[in-house]
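# Residue-level structural notes
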Amino acid sequence: MVSETEETQLNSLENQVDNGGGGAWEYLCLVRKLKVRRSEKVFKYGLSILNDPKKRSALGPEEWTLYEQVAIAALDCQCLDVTKDCIKVLQKKFPESKRVGRLNGMLLEAKGSWSEAEKAYSSLLEDNSLDQVIHKRRVAMAKAQGNISEAIELLNKYLEIFMADHDAWRELADIYVSLQMYKQAAFCYEELILSQPTVPLYHLAYADVLYTLGGLENLQTAKKYYASTIDLTGGKNTRALFGICLCSSAIAQVSKGRNREDKESPELQSLAATALEKDYKQRAAGKLGLLTSALRSMKF
Amino acid sequence: MVAELKHEISQNAYIKLVLHALKHKTTAVNGVLLGRVNPQNESVVEIIDSVPLFHSNLALLPPLEIALIMIEEHYGSKGLGIVGYFHANERFDDAELGIVAKNIGDHICRYFPQAAVFLLDNKKLEALPKGKDQSPVMQLYIRDASKNWKLAGPDGGSRLVIKEPAANVVLSDYISSEKWQDVVDFDDHLDDIKMDWLNPELFK
């Protein structure tokens, strides 16, 4: 998961490399560090370094990391021959390596040889049953074959052991949402918020899921989490601001004619609306009219 | 009542949605289609424009509700409404109309009963540059009398045509020049409101 500053840094570095300004190695390192998926660029720039003997030797021991990075990017770009070549080089340097064995497994996956890949991964797991990457590859394979229920089962088993793996919780939440299993998705976000309470993305996602579930209690809780998102992002999160307006409107709808013990204070909604209008006026003036009508239609 | 309609989609509306799917190859994407019933011919639905919606968490309501309110507001003033829904599945070999697509389709039918759902046909899209096929790389789904979504058969009944016959040639061209990078969707807008989901400069 990448912060806004990190993403800006990455994009400007990418632009620099794209426009011939150099910095390819820094770019590749940053992509690795942030664990983002920019396979076409990694493939292009990584391969050009590897194909240049001078540049390659300048990397020293990092050369092998680059081979691995390019091998994986090549898989994503369906250039399997390049992957095979990279694996050959790595196998020569590190015979008996489990890490190279994993790459072989991924190559089999890319070819669609699912059962062979499964065999490769199983045998690697025999020697090290706690290899997180391989466990996750199996989830990915289930997903790739459209076997979503198996992916969910494997992912749940994985999380019983590696419950601190936030990416895995997020992946599971994503899968649940795509199947409209919102309660289960909510549970995943609850785990994430518990372990990382200051990450606004989880508050926002949780609020979105609760709103989607609906019902007065969920809407009221969603509103609280949109509010905490706004708090954690210094009021700059457009989605959370909209979320407040949607919640206020939906709560008013649901509690029409009911005896409301705690009257919904309209302040939060008007604050959010004002913040949105101010932002649109500054940065998206052409859409301000649409925004105003939209907000009006959400008022009660 | 099942109306047998011709859905005629404009080149720009068509290309925009396919490019959007190509921009986000690793996730499902969706979009809405804007248009109206042809005032001279009730059995034709004219699809004049499209708005790419999301490339993540398609099944969450808040962003969808905001998008629909703003989109309806904008196009309503031009006499157009939401007449259809486009969906592209996450996986290449998934050719099924999933539950999310059906639910959003149902929602749109509440406002426009003759609304159709369009599912990206990945195999047709893949074959595009190699062939001379002028037919759209989308499958048309229509709701039957029991409100179930059914694939419209090639043998008559409801059908989807592209208004401009050379649209696939233009599309193939854009694909080679990687034009998809310029497509902005509602997700992009919510992340940065400076991004315009109307894509006014896309085809200039």
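Here goes a summary of the coordinates provided.

Conventions we followed
- Residues numbered from 1 in each chain as written.
- Chains lettered and ligands numbered in written order.
- Predicted model: local features only at pLDDT ≥ 70, side-chain atom pairs only at ≥ 80, totals over all residues.
- Heavy atoms only, no water.
- Helix = DSSP H or I, 4+ residues; strand = E, 2+ residues; numbered from the N terminus.
- Expected span 1.5 Å × (residues − 1).
- Buried < 20%, exposed > 50% of the residue type's maximum accessible area, 1.4 Å probe, protein only.
- Arc of directions from axis to C-beta.
- Contact = heavy atoms within 4.5 Å.
- Core = buried A, V, L, I, M, F, W, Y, C linked by side-chain atoms within 4.5 Å.
- Pairing = 2+ DSSP bridges.
- Axes fitted to C-alpha atoms, helices over the stretch in contact; angles between N-to-C directions.
- Parallel < 35°, antiparallel > 145°, perpendicular 65-115°, else oblique.
- Left-handed = near helix turned anticlockwise from the far one by under 90°.
- Buried area = accessible area lost by both parts, 1.4 Å probe.
- Salt bridge = Lys/Arg side-chain N within 4 Å of Asp/Glu carboxyl O.
- Polar contact = N/O pair within 3.5 Å; in protein donor to acceptor, adjacent residues only side chain to side chain.
- Nonpolar A, V, L, I, M, F, W, Y, C, P; charged D, E, K, R; others polar.

### Some thoughts on helix α8 (residues 114-127) of chain A
Residues and elements named next belong to chain A.
- Taking 1.5 Å as the rise per residue, α8 with 14 residues should run 20 Å; its terminal C-alpha atoms sit 21 Å apart, in good agreement.
- Those residues of α8 that sit buried are Ala117, Tyr121, Leu124 and Leu125. Buried residues of α8, seen end-on, are gathered within an arc of 100 degrees and therefore sit on one face of the element. Those residues of α8 that are exposed and angled more than 90 degrees off the buried face are Ser115, Lys119, Glu126 and Asp127.
- In the core, the buried residues of α8 are packed alongside α7 (98-111) and α9 (132-144).

### Structural notes on the side chain of B:Asn199
All names here are of chain B.
- Mapped onto the elements, asparagine 199 comes out in the segment after α6 (186-191).
- Among the residues examined, asparagine 199 registers a relative accessible area of 8% and is labelled buried.
- Setting aside its immediate chain neighbours within four residues, asparagine 199 contacts Lys16, Pro52, Asp182, Val183 and Val184.

### Some words on the nonpolar core
- Core analysis: the largest hydrophobic core is formed by 124 residues, its most contacted members being B:Tyr14 and B:Ile71.
- Looking at this core, the element that brings in the most residues is helix α15 (residues 238-254) of chain A, giving nine residues.
- Ignoring sequence-local partners within four residues, the contact set of B:Ile71 consists of B:Val32, B:Leu34, B:Val51, B:Leu53, B:Gly76, B:Ile82 and B:Trp197.
- By size, the runner-up hydrophobic cluster in this structure holds 39 residues, among which are A:Leu66, A:Leu90, A:Met106 and A:Leu124.

### A few points about the pairing of strand β1 (residues 6-9) of chain B
- The pairing of β1(B) with strand β3 (residues 44-52) of chain B spans four bridges and is classified as parallel. Bridge assignment links B:Ile9 to a residue of β3(B), and that residue is B:Ile47.

### Thoughts on the packing of helix α2 (residues 24-34) of chain A against helix α5 (residues 62-76) of chain A
Residues and elements named next belong to chain A.
- Interaxial distance between α2 and α5 falls to 12 Å at its minimum, and their mutual angle equals 65 degrees. When the interaxial angle is binned, α2 and α5 end up roughly perpendicular. Like other packed secondary-structure pairs, α2 and α5 cross with a definite hand, here left-handed. Note on element contacts: α5 touches α2 through Glu62, Thr65, Leu66 and Gln69, opposite Trp25, Leu28, Val31 and Arg32.

### Description of the interface of chain A and chain B
- Listed per partner, the contact involves 31 residues of chain A and 29 residues of chain B.
- Note on chain A versus chain B: buried area summed over both sides is about 2600 Å², and carbon and sulfur give 61% of it.
- For chain A, the biggest contributors to the area lost against chain B are A:Arg239, A:Lys287 and A:Leu290; these three give 24% of the whole.
- Linking chain A with chain B are five salt bridges.
- For A:Lys287, the salt bridge is made with B:Asp196, and the minimal N-O distance between the two is 2.5 Å.
- Counting across the interface, chain A meets chain B through nine residue pairs in polar contact (both at pLDDT 80 or more).
- Those elements that provide at least two residues to the side of chain A that touches chain B are α9, α11 (166-178), α13 (200-213), α15, α16 (267-283) and α17 (288-297) of chain A.
- Ranked by the residues each element gives to the side of chain A that touches chain B, the list is headed by α17(A), at five residues.
- For the side of chain A that touches chain B, a count of residues per class yields 14 nonpolar, eight polar and nine charged.

### Regarding the packing of α13(A) against helix α14 (residues 216-232) of chain A
Residue and element names in this part refer to chain A.
- Here α13 crosses α14 at 160 degrees, and the two axes come no closer than 8 Å. In terms of axis orientation, α13 runs roughly antiparallel to α14. Relative to α14, α13 is oriented so that their crossing is left-handed. On α14, the residues touching Pro200, His203, Leu204, Tyr206, Ala207, Asp208, Leu210, Tyr211 and Leu213 of α13 are Asn218, Leu219, Thr221, Ala222, Tyr225, Tyr226, Ser228, Thr229 and Leu232.
- In terms of residue class, the contact of α13 with α14 is built from twelve nonpolar, five polar and one charged.

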